[in-house]
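# Survey of secondary and tertiary structure
These are the residues of each chain, in order.
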Amino acid sequence: MPSASWLSDARSALMPLGRLTARAVLALVVLVALALATTSIGFSCPAGAQALPKGAITLTSQDPWVQSSSVPVRLGLSVRSPIPAKDLLVDLALYTEPDQSALASRYEFDATATGQLAGLNQLALITFSLRSITEAHGSADIYVGGTELSGRVPPKVPPNKVFELPCPPRYGGCGGVYPLQVSLVDVLTGQPVTVDSFTTYLIVVPSKIAPQERLRFSFVVPVGAPVALAPAGRPTVSSETISRIETIAHAEASWPEAPLTVDVYGQSLLALARSPDHAKLVDTLASERGTIVDGPFSAVNPTRLIRAGLEDDLANQFDRGNKVFAKVLHVSASSRVYIATSPIGVHGLEALAADGISRIVVPESNLQSLPSAGPAAMQWPYTLSAPFRIQGSTVKGLQADPGLAAHLNGSGNSALRAQQLLADLAELYFDSPDYQQPRGVALVAPQSWAPDAGFLSAMLRGLASSPIVTTVPIGRLFQTVPRGLCQQPPSVVTGCSAAVRSILNPTLSADGSITSGQVQAARGQLAELSSIIASDTATINNLDDAILLAETAGIDPSIRQGYLSAPLAMMDRLGSELSLPPGRTVTVTSSSARFPIAITSGSRTPLQVILAVSGANLTSSTDMKVVLKRGTTSFIVRVGTRTSGDSNLQLQLLSPTGRLELAHAQFTIRSTAISGVAIALTAGAGAFLLFWWFRSASRRRRRHAARRGRNPHHELASGAVPDPAS
């Protein structure tokens, strides 16, 4: 703190600036002086330090395994606190069971991970001053001694920097997992006050473990669940998916001894292959194809599809996914492994088996007790560390461990969560280190998990150097770990895993789910479109993919409808690219006439359509199968009219099945010709009139002659000369 005389001199020097200005500058100087008096590890007190009124201590790194007394265990620590460094200490407290052994069960491990250390024995306490940690560049070195550990603690190491393990033989000796509580302590008042703390673990492995005796571990990371293709097939890979793959690829390149299993969906792989900017990512995945699970084309929920009556579509999902993997990654055969990121029902499992799946990883919530047994937790209270036979199915199952997955998104920072995950795996190994059969567990990350580079680096570094855990791809775990042997759970943990488990049918709501009617309607529209653009297989395949993408679980209903209506939208676009002549009046002078029709197409793909000509007063209707290429195509249309005058003529461009109209136009046919019927009627009328006139005239002559014969004197009297021959 600045002295009183220094503050007085500063006040005098600032008086000429004015009272308010002087006070402001003086306050700023005092704050700077206080900031310089405060220390922190790695960085100066950050601008946001006022949000931490007491301080925080975090783990930045840790040597994961303890195998020798001669090698220190280094902990990287970061401290941020407004409290002066001279008033802060860092305490490291090591805990054991009351019998001074390592943690006895996974249940106790889970409790200690949340800071619950009650009931445990504090074996020893090592204290570091904050200044000493600062001088060691933010690290604290400790040593661990024990009768079973190789090497000796160097003589120069002070005894107060050594944890000496009792290693009771009857309780497993030195090997095991030991909670280590790291605390930041304020000693200003003389009464130590814990400012912040966390619990990490010392994993002690005193002897060399043969590779075949190690715990097999598979870390499965689903990638590419978000839809990555537009309805027309254009790649739209999300930045989230790109980031995941890049993070995984970088971690894998750094630690190839600890391979991750990547569960990739075909649609994301196809989208990456279509993106020139992401060619390197595809090459990276291709180089690691032995660790890739070839999932279905999109992230579907098999149970929902089966219950919607879409069994064939589930098969289409796997078939399309296999084709994408074969084309992009040059994979000749499917892994036949399915990672169930959502619960699978009994019928869904049957459908998966019919589609070629022989091994499945299921969540714990998907398993239930066998008939006439208690609840699942009571039936098998221990960790399932081997595959099992699924009752009523030929598919081999493996449970995804939920306890391991909990470390992915815990409350601690990445380095701490990585060490806790390693300790959890070690606890599984030390449950039954002498079990004769190989054991294995799997961690399946949630689809929503975003891989953290720091977490992956710390975890894979630990796994690559682990003396008790071997990291393998999920397919390799199924191959190297035999099925469980126990029909009933043993009274104590022995390492024997369940031989048979039963699938629990999940309860699913129907809200927002796809229906069979929606898919059938979309496929019917695609069939119509395919008959029009039969040569454009790329577009047809993209639209078929769009229907598969519409089946993705959890997508917004409006987005789903956009994919389902993609074939109809394409047909509308094709129709908009077709142009028929504008409606007009065509005058014909005979009952049968021919006139040209010019149709313009803007489509790059040849269109196979039907040109339909029809009209109510036309003597004939014409359906012509035509192929419309890009540009203008002319046709001669023949029409016949029944009567003279105006008649409507309809021109339609239809799909080959005639069910869909792409374009239409209407013309008026004006006929000035006299039809044969009219001529016949006119001639008949004339003949009839002529006949009627001749007949009438004949009758008049006969009547006139008859009158003359009855009255000859009348004729003589009138002066007529009679014919001498008469």
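Above this text sits the structure in question.
Criteria and cut-off values
- Residues numbered from 1 in each chain as written.
- Predicted model: local features only at pLDDT ≥ 70, side-chain atom pairs only at ≥ 80, totals over all residues.
- Heavy atoms only, no water.
- Helix = DSSP H or I, 4+ residues; strand = E, 2+ residues; numbered from the N terminus.
- Buried < 20%, exposed > 50% of the residue type's maximum accessible area, 1.4 Å probe, protein only.
- Areas by Shrake-Rupley, 256 points an atom, 1.4 Å probe, with all protein chains shown as cover.
- Disulfide = S-S within 2.5 Å.
- Patch = residues over 30% accessible without salt bridge, like charges linked within 9 Å, V, L, I, M, F, W, Y side chains within 5 Å.
- Salt bridge = Lys/Arg side-chain N within 4 Å of Asp/Glu carboxyl O.
- Lys, Arg positive; Asp, Glu negative; His and termini not counted.
- Charge placed at Lys NZ, Arg CZ, Asp CG, Glu CD.
- Pairing = 2+ DSSP bridges.
- Axes fitted to C-alpha atoms, helices over the stretch in contact; angles between N-to-C directions.
- Contact = heavy atoms within 4.5 Å.
- Left-handed = near helix turned anticlockwise from the far one by under 90°.
- Expected span 1.5 Å × (residues − 1).
- Arc of directions from axis to C-beta.
- Polar contact = N/O pair within 3.5 Å; in protein donor to acceptor, adjacent residues only side chain to side chain.

Attention shifts here to the overall build of the chain. The helix and strand inventory of the chain stands at 21 helices and 28 strands. A total of 726 residues make up the chain; the buried ones form 46% of that total. Counting only carbon and sulfur atoms, one obtains 55% of the accessible surface of the chain, whose full area is about 35,300 Å².

With that settled, consider the state of the cysteines. On inspection of all chains with the given rule, the structure shows two disulfides. Through a disulfide, C167 is tied to C174; the S-S separation comes to 1.6 Å. Taking the sign of the S-S torsion, 95 degrees for the link of C167 and C174, the bridge is right-handed. Across the pair, C174 and C167 agree in class, each one buried. Paired through a disulfide, C486 and C496 show a sulfur-sulfur distance of 1.7 Å. Because the sign of the S-S torsion sets the handedness, a value of about 125 degrees for the bond joining C486 and C496 places this disulfide among the right-handed ones. With C486 in the loop between α15 (474-480) and β20 (500-503) and C496 in the loop between α15 and β20, the pair connects residues that are 10 residues apart, well separated along the chain.

The subject of this paragraph is a positive patch on the surface. Residues R695, R699, R700, R701, R702 and R703 make up a contiguous surface patch of positive charge. R695 gets classed as partly exposed once you look at its relative accessible area, which sits at 39%.

Below, the discussion takes up the pattern of salt bridges. Considering all chains together, one arrives at 12 salt bridges under this definition. Taking the shortest distance from any N to any O, the salt bridge between R106 and D401 comes out at 2.7 Å. Here R106 is found in helix α3 (residues 106-113), whereas its partner D401 is found in the loop between β17 (396-400) and α12 (402-405), with 295 residues between them in sequence. D401 shares its class with R106; the two are buried. Between E240 and R244 there is a salt bridge whose closest N-O contact spans 3.5 Å. Note that E240 and R244 are positioned in helix α5 (residues 239-254) at a spacing of four residues, about one turn of the helix. Among the residues examined, R244 registers a relative accessible area of 6% and is labelled buried. The network of salt bridges with shared partners includes R106, D401 and D424.

The strand order across the open sheet formed by four strands is β1-β3-β6-β7, and the pairing between neighbours is mixed. Two strands close off the open sheet at either side, each with one partner strand: β1 (56-62) and β7 (162-164). The average angle at which neighbouring strand axes cross in this sheet is 30 degrees, direction not considered. Sheet topology note: the strand β3 (residues 73-80)/strand β6 (residues 139-145) ladder contains four bridges and is antiparallel. Following the sheet pairing, R74 is matched in β6 by D141.

Here we take up the environment of T241. Inspection of the secondary structure assignment puts T241 in helix α5. Given a relative accessible area of 3%, T241 falls into the buried group. Separated by 15 residues in sequence, T241 and P226 place their C-alpha atoms 7.7 Å apart. With sequence-adjacent residues up to four places away left out, T241 is seen in contact with V223, G224 and P226.

The next point concerns the packing of helix α16 (residues 516-532) against helix α19 (residues 566-576). Where α16 contacts α19, the two axes come as close as 8 Å, and the packing angle between them is 35 degrees. Pair α16 / α19 crosses with left-handed handedness. From α16, A522, Q525, L526, E528, L529 and I532 reach across to α19, where they touch P567, L568, M570, M571 and L574.

Here we come to helix α9 (residues 311-328). Along an α-helix, a turn takes 3.6 residues, which lines up residues three or four apart on a common side. The end-to-end C-alpha distance of α9 is 26 Å, a good match for the 26 Å that 18 residues give at a rise of 1.5 Å each. All of the buried residues along α9 are D313, L314, Q317, F318, R320, G321, V324, F325 and V328. Viewed end-on, α9 has its buried residues packed into an arc of 165 degrees, placing them on one side of the element. Every exposed residue of α9 that faces more than 90 degrees away from the buried side is listed here: D312 and K327.

The buried fraction of strand β18 (residues 440-444) amounts to five of the five residues, a majority that puts the element mostly inside the structure. On β18, burial covers both faces: G440, A442 and V444 on one face and V441 and L443 on the other are all buried.

Attention shifts here to the side chain of S466. Along the chain, S466 falls in the loop between α14 (453-464) and β19 (469-471). On the accessibility criterion, S466 (6% relative accessible area) is buried. Here V469 takes part through its backbone nitrogen, which lies 2.9 Å from a polar atom of the side chain of S466. Filtering out sequence-adjacent residues up to four positions away, S466 remains in contact with W65 and R214.

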